[in-house]
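Chain by chain, the residues run as shown.
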Amino acid sequence: MDISGLKEKIEGEISRIGNIEDLKRAKVSLLGRKGVVADYLDKLKTLDKDQRRDAGKAINEIKTWADLRIGELEKHFDEIERQKKERASLIDITMPGTAPLFGRKHPITLTLEEIIRIFGSLGFAVAEGPDIEAEYYNFEALNIPSDHPARDMQDTFYIRPGVVLRTHTSPVQIRTMEAQLPPVKIIAPGSVYRCDNDISHTPMFHQVEGLMVDKNVRFSDLKGILSIFIHEMFGPDTPLRFRPSYFPFTEPSAEVDIGCVICRGAGCRVCKDTGWLEILGSGMVHPQVFRNVGYDQEEITGFAFGMGVERIAMIKYGIDDIRQFYYNDIRFLSQF
Ligand code: PHE
């Protein structure tokens, strides 16, 4: 029987062992009950006594040697395994951390919150109305009949005849007055919609309406409240002016401008060289509006105003394209 091939065979197998799985497989195929060594031992039966003794001794020597080699390899892989586990159980405090990505409030939300905070401190409660609004509340009740040219300026999306996406927050004036008696002192923030889309208009934008109704509310109250608001919002040195204007639901009506915060009145691109920026519409509530909600227009008076939130945010943060608010560009949004 030729035993010389056995050692080579075992050596070959062992040299191919690269990991613990290889090792397990090799152990079975070399030293197992049906393995290569067992095979050789089996063949001893075919030999006569003397030959059997010599061959048996030689095979057993090889087996002992193979046991040793495999035992060493087992130790080696066990150690690797142990080190791996040890490393996995350690927290490496020198590793750079992975910072979670925090969300933050949208600049329009921030501006809305600031507006609500300021008017809240002046005693105004927050009222709300639906975005999908009856044409009556959006127009007729506000003294804008269907043939009124003011409707052109607020051309809008009709859901179906008689139902629109509201073009301003003024319908909340009507809803609030229908629901409660004077005194009324509310602001109404919310989304509004118009068929517009350019550098200074988006089809959806935000307004905050204001309404104060009571006995003896005067234009000077409007002026005082808005002055406080503007000075809180844009700084105490910000000049403002009331400019005569027209809205069907206020009389008299005024538009309010603030001194351009970019050029401080010197004239620039943003204020179109006028030194002023228009920020809101306002006026004393029209008697017809009071009649429409069943208020006694002999007894009470009131003022109303409406401002564009995007417009205010643009002025406050120096943003020159309104569409930036709605591109959802993280580079833009993460600046606030
Ligand atoms: N609703 C008007 C607009 O959207 C603004 C306004 C509100 C004017 C209240 C006067 C009083 O243009």
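Structure first, text after, so check above.
The sections below set out a description of the structure shown in this document. Source: prediction; values computed, not measured. (Residues numbered from 1 in each chain as written. Predicted model: local features only at pLDDT ≥ 70, side-chain atom pairs only at ≥ 80, totals over all residues. Heavy atoms only, no water.)

### Quick word on the site of the ligand
Then step 1. Around the ligand, 15 residues are found, and the nearest of them are His 168, Ser 170, Arg 194, Gln 207 and Glu 209.
Then step 2. Arg 194 is positioned such that a nitrogen or oxygen atom in its side chain is 3.0 Å from an oxygen atom of the ligand.
Then step 3. Its free accessible area being 330 Å², the ligand has 92% of it covered by the protein chains.
Then step 4. Counting residues per element, the ones that place at least two in the shell around the ligand are strand 6 (204-214), strand 9 (276-285) and strand 10 (301-308).
Then step 5. Among the elements that take part in the shell around the ligand, strand 10 stands out by supplying 3 residues, more than any other.
Then step 6. Per-class residue counts for the shell around the ligand are 4 nonpolar, 9 polar and 2 charged. (Near = heavy atom within 4 Å. Polar contact = N/O pair within 3.5 Å; in protein donor to acceptor, adjacent residues only side chain to side chain. Areas by Shrake-Rupley, 256 points an atom, 1.4 Å probe, with all protein chains shown as cover. Helix = DSSP H or I, 4+ residues; strand = E, 2+ residues; numbered from the N terminus. Nonpolar A, V, L, I, M, F, W, Y, C, P; charged D, E, K, R; others polar.)

### Comments concerning the nonpolar core
Then step 1. Counting residues in each nonpolar core, the largest one holds 42 residues, and the members touching the most others are Ile 115, Phe 119, Phe 229, Phe 303, Phe 305 and Met 307.
Then step 2. Of all the elements in the fold, those that place two or more residues in this core are helix 5 (107-121), strand 6, helix 9 (219-234), strand 8 (250-259), strand 9, strand 10, helix 11 (309-317) and helix 12 (330-333).
Then step 3. Sorting elements by how many residues they give to this core places helix 9 first, with 7 residues.
Then step 4. Among residues more than four places away in sequence, those in contact with Phe 305 are Phe 119, Ile 187, Val 208, Glu 209, Gly 210, Leu 222, Leu 226, Leu 280, Gly 281 and Ser 282. (Core = buried A, V, L, I, M, F, W, Y, C linked by side-chain atoms within 4.5 Å. Buried < 20%, exposed > 50% of the residue type's maximum accessible area, 1.4 Å probe, protein only. Contact = heavy atoms within 4.5 Å.)

### Observations concerning the pattern of salt bridges
For side chains of opposite charge, pairing can occur when their charged atoms come near one another.
Then step 1. On inspection of all chains with the given rule, the structure shows 20 salt bridges.
Then step 2. With a shortest N-O distance of 3.3 Å, Lys 105 and Glu 113 are connected by a salt bridge.
Then step 3. Judged by its relative accessible area of 37%, Glu 113 is partly exposed.
Then step 4. Among the ionic contacts, a cluster of salt bridges with common partners joins Arg 241, Arg 243, Glu 255, Asp 257 and Glu 278. (Salt bridge = Lys/Arg side-chain N within 4 Å of Asp/Glu carboxyl O.)

### Considerations on helix 1 (residues 4-15)
Then step 1. Between its terminal C-alpha atoms helix 1 stretches 18 Å, which fits the 16 Å expected from 12 residues at 1.5 Å a residue.
Then step 2. Among all positions in helix 1, only Leu 6, Ile 10 and Ile 14 are buried. The buried residues of helix 1 all sit within an arc of 60 degrees when viewed along its axis, so they share a single face. Turned more than 90 degrees off the buried face of helix 1, the exposed positions are Ser 4, Glu 8 and Ser 15.
Then step 3. Packed against the buried residues of helix 1 are helix 2 (20-31), helix 3 (36-43) and helix 4 (49-89). (Expected span 1.5 Å × (residues − 1). Arc of directions from axis to C-beta.)

### Considering the side chain of Thr 238
Then step 1. The residue Thr 238 is located in the loop between helix 9 and strand 7 (240-247) in this model.
Then step 2. The exposure class of Thr 238 is buried, given its relative accessible area of 2%.
Then step 3. A distance of 3.0 Å separates a polar atom in the side chain of Thr 238 from the backbone oxygen of Phe 234.
Then step 4. A polar side-chain atom of Thr 238 sits 2.8 Å from the main-chain carbonyl oxygen of Gly 235.
Then step 5. What Thr 238 contacts, discounting residues up to four positions off in sequence, is Ile 230, His 231, Ile 258 and Gly 259.

### Quick notes on the pairing of strand 7
Sheet faces and side chains relate simply in a regular strand, where the side chains alternate between the two faces.
Then step 1. Both strand 7 and strand 8 contribute to a ladder of 7 bridges, which runs antiparallel. Across the sheet, the residue bridging to Ser 245 is Ser 253, located in strand 8. (Pairing = 2+ DSSP bridges.)

### A few points about the sheet that holds strand 9
Then step 1. One open sheet holds the 7 strands; their spatial order is 1-5-6-10-9-8-7, and the pairing between them is mixed. Both outer strands of the open sheet, strand 1 (125-126) and strand 7, are each paired with one neighbouring strand and no more.
Then step 2. As judged from the 5 bridges shared by strand 9 and strand 10, these two strands associate in the antiparallel manner. Within strand 10, the residue paired with Met 284 across the bridge is Phe 303.
Then step 3. Packing against the sheet, helix 11 makes contact with strand 6, strand 8, strand 9 and strand 10, and its axis sits at approximately 60 degrees to strand 10. (Axes fitted to C-alpha atoms, helices over the stretch in contact; angles between N-to-C directions.)

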